[in-house]
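# Reading the structure
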Amino acid sequence: MDGNGRWAKARGLPRNLGHRKGVDAVREVVKACPDLGIEYLTLYAFSTENWKRPASEVSGLMDLLRIFIRSELEQLRRNGVRVRVIGNRSRLPADIVALVDEAEAKTLGNSRLTLIIALSYGSQDELVTAARRLAEAALRGEIKPEQIDAGMIERNLLTAGIPDPDLLIRTSGEQRLSNFMLWQAAYSELVFTDTLWPDFGRAELAEAIAEYGRRERRYGASSA
Ligand code: FPP
């Protein structure tokens, strides 16, 4: 969800107002997903690297998350949305962890759309944690190193049980993965759009899906 800062700057507004407008885009995109046949949506809301931003911007983003979960949870639950949060919870404020736990618990039975919020998320951290867990299991003698395969790694990622993304969209003209799902995106189709996140909505999502539909997915095989 890139480009909130530039959206605000172009209007002479503080960055946090760009993030606030970004939350409106989140609402619109979440609503559009079931209509467009999307069952899993992951939003990269805050990366492990985003902790390096000025404290005022970080606390503004945490405020927006608080407000989003508090104000939207009931409607998400009623609309059949399951909320899951992936990331390093140890760095999050305690009340946000409590809100996230509540959102996950209250929507556990839903399946119309799974909304995954990547919060304090970094793919390299996630892979390091998985490697450590497997190394510890090997040291305890529970597994042999030669038994480690792709499936075992996947089951130790934060996304265990969530399908790999078919389509990865990055807004605002940047063409990088920025530590997002480096393992899971191995065969994802990538769509980069110049649209800034606050201007991204139902029509832009539908266009990205149309672009996805024009791609040929080969997973390393030949088209023949
Ligand atoms: C990147 O834009 C955006 C973020 C770091 C924050 C995204 C968060 C939200 C939209 C709000 C909270 C999310 C939810 C799920 C309610 P940037 O600041 O890097 O923009 P710039 O590159 O133009 O400076």
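For the structure, check the block above.
Residues numbered from 1 in each chain as written. Predicted model: local features only at pLDDT ≥ 70, side-chain atom pairs only at ≥ 80, totals over all residues. Heavy atoms only, no water.

## Observations regarding the side chain of Ser172
Within the element layout of this structure, Ser172 appears in the loop between strand S4 (167-170) and strand S5 (189-192). A polar contact of 3.4 Å, which involves the side chain of Ser172, links it to the side chain of Asp2. When neighbours within four sequence positions are excluded, Ser172 is seen to be in contact with Asp2, Gly3, Arg6, Thr193, Asp194, Thr195 and Leu196. (Helix = DSSP H or I, 4+ residues; strand = E, 2+ residues; numbered from the N terminus. Polar contact = N/O pair within 3.5 Å; in protein donor to acceptor, adjacent residues only side chain to side chain. Contact = heavy atoms within 4.5 Å.)

## Considerations on the site of the ligand
Looking at the ligand, there are 16 residues lining it, with Asp2, Gly5, Arg6, Arg15 and Arg53 nearest. Between the ligand and the protein, one listed contact pairs an oxygen atom with a side-chain N or O atom of Asp2 at 3.0 Å. Take Arg6: an N or O atom from its main chain is 2.7 Å from an oxygen atom of the ligand. In the complex, 92% of the free accessible area of the ligand, which totals 630 Å², lies under the protein chains. Mapped onto the shell around the ligand, the elements with two or more residues apiece are helix H1 (4-9), helix H2 (15-35) and helix H3 (55-78). Of the residues forming the shell around the ligand, the biggest block, 4 residues, is contributed by H2. A per-class count over the shell around the ligand returns 6 nonpolar, 6 polar and 4 charged. (Near = heavy atom within 4 Å. Areas by Shrake-Rupley, 256 points an atom, 1.4 Å probe, with all protein chains shown as cover. Nonpolar A, V, L, I, M, F, W, Y, C, P; charged D, E, K, R; others polar.)

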